[in-house]
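Topology and contacts: notes
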2 protein chains.
Amino acid sequence: MGADATLRGFCGYAMKRAFLGVQADLNRVLAPLGLRMMTYSALVVVTDNPGLRQSQLADALAVEKPNMVALVAELVQAGLLTRQRAPDDRRAHALHPTDTGRALAARAIAAVQAHEARITATLGPEELQTLMHALAQVERAALEETHA
Amino acid sequence: MGADATLRGFCGYAMKRAFLGVQADLNRVLAPLGLRMMTYSALVVVTDNPGLRQSQLADALAVEKPNMVALVAELVQAGLLTRQRAPDDRRAHALHPTDTGRALAARAIAAVQAHEARITATLGPEELQTLMHALAQVERAALEETHA
DNA sequence: TATTGTTATACTCTATAACTATA
DNA sequence: TATAGTTATAGAGTATAACAATA
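Comments concerning the protein's contact with DNA strand C
All names here are of chain A. Neighbouring DNA strand C are 20 residues, the closest being Lys16, Gln54, Ser55, Arg91 and His93. Ser55 places a polar main-chain atom, nitrogen or oxygen, 2.6 Å from a phosphate oxygen of DNA strand C. In this structure, Arg91 approaches DNA strand C through a side-chain N or O atom, which is 2.6 Å from a base oxygen. Examining the composition of the surface near DNA strand C, we find that three residues originate from one element, helix 5 (residues 65–77), more than from any other. Across the surface near DNA strand C, the residue classes break down as six nonpolar, four polar and ten charged.

What follows is the structure, encoded as structure tokens:
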């Protein structure tokens, strides 16, 4: 297309367009469950790692700690997570899924996996593997550059 | 990694992390030139397509028209683009690079190409090609899903 | 001193509806 | 009627500095 040609094969913009398209479609899939990409991701990580602390969740999602506060509060408010003081470190908040949270996570994971299968349907298995590997490599290289 | 494992191979989040990392590093590279990812992209497209109209630029960048207004205004304000009424359609604005804009675009393109070479240095040529192809496929599939 | 979580704040990008002036 | 550009507005996500409580 003209757009790609005029952007001279700009890889970063291709990543942007693909990500925004996937995110928009994913949010469309998650909306009936009352979730978005970020709230879904946080819910799944906590469900798979009960007792996780907020700072660990922030690390897992690559989100700054201040931005984690509202995200967790939203999930607690929705009755999907609980946030309790950790007994061994009273600064920390341990996060646990509620029964409702676990049930919703199960449904949401199924919906997202189906969604991702549709999104990557035209890719062969090794093509998909190359995509995931290349994304991880590019992310690592970018972070190394930034913090060099 | 734990984070990836707990996200169950969530492709959309891998795309998010890679894109945000690349964008942050790219903006770091562009900042000394007074540009960001979006202003850079607009400047390059207009430089490569002088006389382009604002709505065509919006299409090329996959940006909604209202969001194009401030972006173009910023580039005009910086003396990099001019915006003139199109003689054949007095509703439209034709965009042209200034001499300053062309010169800055040349410098910025070189900087971005060097940046992208660094970011993709660990990928083989066919791996990079697969990445670009897969991104385009995923974007197309997501847009089809959304507008289905 | 360092870390956990928090507040406050600002910026960028995105999305939609409604308007104007032209066509 | 439809299109190009605009205005206004709202929302999501991100980033930094500074603080209190705790380690």
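Structure shown, so let's carry the discussion forward.
Side note on the packing of helix 4 (residues 54–61) of chain B against helix 5 (residues 65–77) of chain B
Residues and elements named next belong to chain B. At a minimum axis distance of 10 Å, the contact between helix 4 and helix 5 shows a crossing angle of 105°. For the element pair helix 4 / helix 5, the angle class is roughly perpendicular. Contacts from Gln54, Ser55, Leu57, Ala58 and Leu61 in helix 4 reach Lys65, Met68, Val69 and Val72 in helix 5. Its residues placed into classes, the contact of helix 4 with helix 5 shows six nonpolar, two polar and one charged.

Quick look at empty space enclosed by the protein
Under the counting rule described, the total for this entry stands at one cavity of 30 Å³ or more. By volume, the largest cavity amounts to about 30 Å³. What lines the largest cavity is simply A:Val22, A:His115, A:Glu116, A:Ile119, A:Thr120, B:Cys11, B:Gly12, B:Met15 and B:Val138. The set of elements that each furnish at least two residues to the lining of the largest cavity consists of helix 6 (99–119) of chain A together with helix 2 (11–30) of chain B.

Observations regarding the interface of chain A and chain B
Of the residues lining the interface, 57 residues belong to chain A; the matching set on chain B comes to 57 residues. Taking both partners together, chain A and chain B bury about 5,500 Å²; carbon and sulfur atoms supply 67% of that area. Looking only at chain A, the three residues that lose the most surface to chain B are A:Arg8, A:Phe10 and A:Glu145, adding up to 11% of its buried area. At the boundary of chain A and chain B, one finds eight salt bridges.

Quick look at the protein's contact with DNA strand D
Around DNA strand D sit 20 residues, and of these B:Lys16, B:Gln54, B:Ser55, B:Arg91 and B:His93 come closest. For DNA strand D, the fraction of protein-proximal atoms (within 4 Å) that sit in sugar or phosphate groups is 60%. One of the backbone nitrogen or oxygen atoms of A:Arg90 is found 2.9 Å away from a phosphate oxygen of DNA strand D. B:Gln54 is positioned such that a nitrogen or oxygen atom in its side chain is 2.4 Å from a phosphate oxygen of DNA strand D. It is helix 5 of chain B that contributes the most residues to the surface near DNA strand D, three residues altogether.

What counts and how
Residues numbered from 1 in each chain as written. Chains lettered and ligands numbered in written order. Predicted model: local features only at pLDDT ≥ 70, side-chain atom pairs only at ≥ 80, totals over all residues. Heavy atoms only, no water. Near = heavy atom within 4 Å. Polar contact = N/O pair within 3.5 Å; in protein donor to acceptor, adjacent residues only side chain to side chain. Helix = DSSP H or I, 4+ residues; strand = E, 2+ residues; numbered from the N terminus. Nonpolar A, V, L, I, M, F, W, Y, C, P; charged D, E, K, R; others polar. Axes fitted to C-alpha atoms, helices over the stretch in contact; angles between N-to-C directions. Parallel < 35°, antiparallel > 145°, perpendicular 65-115°, else oblique. Contact = heavy atoms within 4.5 Å. 1 Å grid on protein atoms, 1.4 Å probe; cavity = no way out; pocket = protein on both sides within 12 Å on 5 of 7 lines; lining within 4 Å. Points joined across faces, edges and corners; volume = space filled by probe spheres on them. Buried area = accessible area lost by both parts, 1.4 Å probe. Salt bridge = Lys/Arg side-chain N within 4 Å of Asp/Glu carboxyl O.

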